[in-house]
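Residues per chain are reported as follows:
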Amino acid sequence: MQRRRTHRGLTPGTGAAMAAGVLLLSACGTTSVTDDSPAPTRTSGIACAESGRLAASGSSAQQHAMKHWTREYREACPGVEIRYVPIGSGGGVAQFLRGATVIGGTDSPLKADEVERSREVCRGGRAIDLPMVGGPVAIGYNLSGVRDLVLDAPTLAKIFDSRITVWNAPEIRRLNPGAQLPATPISPVHRSDESGTTQHLNAYLADAAPAQWRYPEDKAWQAHGGQSAVGSGGVADLVQVTDGAIGYFELSFAKAKGISTVRLDTGAPEPVAVSAGTASAGIATGRVEGTGNDMTLALDHRTRAPGAYPLVLVTYEIVCDRGNPAELLPALKSFLTYTASARGQRDLPRIHYAPLPDEVAARVRQVVDGLS
């Protein structure tokens, strides 16, 4: 099997926002690479590789984007086989660092120790984090008779920590004047598995409601009470069938299951509804803080910009900057170039994801072109 190694690197750029999201993998085995492969064939606007088998695993947050990308790419480039398994960010990073994949998908950038470990897989290089797609984390709820609900960060923090336990609590009534809120018990639902989505909710609540949320920005849930389920799909399923439930998951899951979503009171003139457009606006209030060829993002969870939804995540593709298997390099570069292209990004809002800002996507393509 072919093995890969990881390294960080992508110039920070000036402020902007990003989004992340695609992963690829290959079987193990390490090969030193010189880029003397045949020139790709351009088909339907995509510069196709002639062949290659790219296995992929990681973040479930980007699974719908990956499904769309792999279908579109393979229709244009039938010689390349791509397989993506949404096993969660932790699993995607672990498989990459074992050398089982050429790309891992994660909702949070690699840690320093993971970058160092990646040197064993990326011969002569290290892993880098490439943002590929952004997505809003929706707060979905199931409450009979209530189709419009506004909450803010402090109230959400108390709800998910089981300190507000009924839907007609004073804090919720204050944010929803005139609404007929029932005395239904609140049933908060969280992820039971380690999750980048959980980490982003933790980060948002810690930044936007520090007095109410004292938990670390970890992938593991640590607040009190509530029910749990595996994966974003599991949380959405439980919310869908439980009156009084509230949970968090990517917007695509809410749309697919017809689950109502919360509007966030951010301090902007109007509460902000969750959508691909408001998520892009939220990402754009952040900044790039990676160095070299690494592109990690710092999001502004306290933004009060009109129409900017602050609870967003960015999924990264982790790849080797050097040391990629020679026989897979053309397919790897071709696929990632497509996902970061205007064509690859243009349909993301239709499936409820936030596209990369143009300048970020251009930089991603530049870095991908230099992989070896």
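Q: Can you help me understand the overall build of the chain in this one?
A: Counting secondary structure elements, the chain contains 12 helices and 15 strands. Taking contacts inside the chain between residues at least 6 apart in sequence as the whole, the part at least 24 apart equals 79%. Accessible surface computed for the chain: about 14000 Å², of which carbon and sulfur atoms make up 48%.

Q: Got a minute to help me understand the side chain of serine 252 in this structure?
A: As for its position among the elements, serine 252 is in helix H8 (residues 251-257). Ignoring anything within four residues of it in the chain, the contact list for serine 252 reads His64, Ile351, His352 and Tyr353.

Q: Help me understand the pairing of strand E6 (residues 127-142), please; the structure alone is not making it clear to me.
A: If a strand is regular, its side chains alternate between the two faces of the sheet. Among the 16 residues in E6, 16 count as buried, and that is most of the element. Direction of pairing for E6 relative to strand E15 (residues 312-320): antiparallel, over a ladder of 9 bridges. The partner of isoleucine 128 across the bridge, within E15, is valine 319. Of the strand pairs in this sheet, E6 and strand E11 (residues 260-261) are connected by 2 bridges, and their pairing is antiparallel.

Q: Which parts of the structure should I look at to understand the packing of aromatic side chains?
A: Here the distance between the centres and the angle between the planes together describe a pair of aromatic rings. Scanning the entire structure with this criterion turns up 8 aromatic pairs. An angle of 55° between the planes, with centres 5.7 Å apart, marks the rings of tryptophan 213 and tryptophan 221 as tilted. Tryptophan 221 carries the same exposure label as tryptophan 213, and that label is buried. One aromatic cluster in this structure is built from Phe160, Trp213, Tyr215, Trp221 and Tyr248.

Q: It is not clear to me how the confidence of the model for the chain should be interpreted in this structure. Could you clarify?
A: Reading predicted coordinates in detail is not appropriate for stretches of low pLDDT. Summary statistics for the chain give a mean pLDDT of 87 and a share of 88% for residues scoring 70 or more. Contacts from residues 1-40, a stretch scored under 50 in pLDDT, to residues over four places away or in other chains number 229 contacts.

Q: So what exactly am I meant to see when it comes to helix H10 (residues 329-339) here?
A: One turn of an α-helix holds 3.6 residues; hence residues three or four places apart share an orientation. Counting buried residues along H10, 9 of its 11 residues qualify, which places the element largely inside the surrounding structure. For H10, the full list of buried residues reads Leu329, Ala331, Leu332, Lys333, Ser334, Phe335, Leu336, Tyr338 and Thr339.

Q: Mind showing me how you'd approach the nonpolar core here?
A: Proteins that are soluble and globular tend to have nonpolar side chains buried together. Ranked by size, the top nonpolar core spans 54 residues in total, and within it Ile139 and Ile246 carry the most contacts. Of all the secondary-structure elements, those providing two or more residues to this core are E6, helix H4 (153-160), helix H6 (196-208), helix H7 (231-241), strand E10 (245-250), H8, helix H9 (276-283) and E15. Considering each element in turn, this core owes the most residues, 5 residues, to H4. Grouped together as the second largest cluster of nonpolar side chains are 44 residues, Cys48, Ile128, Tyr316 and Val360 included.

Q: Which parts of the structure should I look at to understand unusual backbone geometry?
A: Excluding glycine, most residues fall at negative phi; most peptide bonds, likewise, are trans. The backbone of serine 162 sits at a positive phi, close to 60°, despite the residue not being glycine. On the basis of relative accessibility, which here comes to 31%, the residue serine 162 falls in the partly exposed class. At histidine 352, a residue that is not glycine, the phi angle is positive and equals roughly 70°. A relative accessible area of 24% means that histidine 352 is categorised as partly exposed.

Q: What am I meant to see in the side chain of asparagine 142 here?
A: Structurally, asparagine 142 can be placed in strand E6. A polar side-chain atom of asparagine 142 sits 3.3 Å from the main-chain carbonyl oxygen of threonine 242. Not counting residues within four places of it along the chain, the set of residues in contact with asparagine 142 comprises Val239, Gln240, Val241, Thr242, Asp243, Gly244 and Ala245.

Q: Quick question: what am I supposed to make of the state of the cysteines here?
A: Covalently bonding the sulfur atom of one cysteine to the sulfur atom of another cysteine gives a disulfide. Considering all chains together, one arrives at 2 disulfides under this definition. Covalently, cysteine 48 is tied to cysteine 77 through a disulfide, its sulfur atoms 1.9 Å apart. Here the disulfide of cysteine 48 and cysteine 77 is left-handed, its torsion about the S-S bond being about -65°. Within this pair, whereas cysteine 48 is found in strand E2 (residues 46-48), its partner cysteine 77 is found in the loop between helix H1 (63-76) and strand E4 (80-85), the two being separated by 29 residues in sequence. The buried category is assigned to cysteine 48, whose relative accessible area is 3%.

Q: Got a minute to help me understand the packing of H1 against H10 in this structure?
A: The angle between the axes and the distance between the axes are what describe a pair of packed helices. One way to put it is that H1 packs onto H10 with a least axis distance of 11 Å and a crossing angle of 115°. Classified by chirality, the crossing of H10 by H1 is right-handed. Where H1 approaches H10, its residues Met66, Trp69, Thr70, Glu72 and Tyr73 are matched on the opposing element by Ala331, Ser334, Phe335, Tyr338 and Thr339. Here the contact of H1 with H10 is composed, by residue class, of 6 nonpolar, 3 polar and 1 charged.

Q: Can you help me understand the pairing of strand E3 (residues 52-58) in this one?
A: For E3, the tally of buried residues reaches 5 of 7 residues, placing the bulk of the element in the interior. The sheet contact formed by E3 and E4 spans 6 bridges and is parallel. From the neighbouring strand, leucine 54 faces E4, where its bridge partner is isoleucine 82. Once you follow E3 into H1 and on to E4, the crossover reads as right-handed. With 2 bridges joining them, E3 and strand E5 (residues 104-106) adopt parallel strand pairing. The partner of glycine 58 across the bridge, within E5, is glycine 105.

What counts and what doesn't
Residues numbered from 1 in each chain as written. Predicted model: local features only at pLDDT ≥ 70, side-chain atom pairs only at ≥ 80, totals over all residues. Heavy atoms only, no water. Helix = DSSP H or I, 4+ residues; strand = E, 2+ residues; numbered from the N terminus. Contact = heavy atoms within 4.5 Å. Areas by Shrake-Rupley, 256 points an atom, 1.4 Å probe, with all protein chains shown as cover. Buried < 20%, exposed > 50% of the residue type's maximum accessible area, 1.4 Å probe, protein only. Pairing = 2+ DSSP bridges. Phe/Tyr/Trp six-rings, centres within 6.5 Å; stacked < 30°, edge-to-face > 60°. pLDDT = per-residue confidence, 0-100. Core = buried A, V, L, I, M, F, W, Y, C linked by side-chain atoms within 4.5 Å. Polar contact = N/O pair within 3.5 Å; in protein donor to acceptor, adjacent residues only side chain to side chain. Disulfide = S-S within 2.5 Å. Axes fitted to C-alpha atoms, helices over the stretch in contact; angles between N-to-C directions. Left-handed = near helix turned anticlockwise from the far one by under 90°. Nonpolar A, V, L, I, M, F, W, Y, C, P; charged D, E, K, R; others polar. Right-handed = clockwise from strand over helix to strand, strands pointing away.

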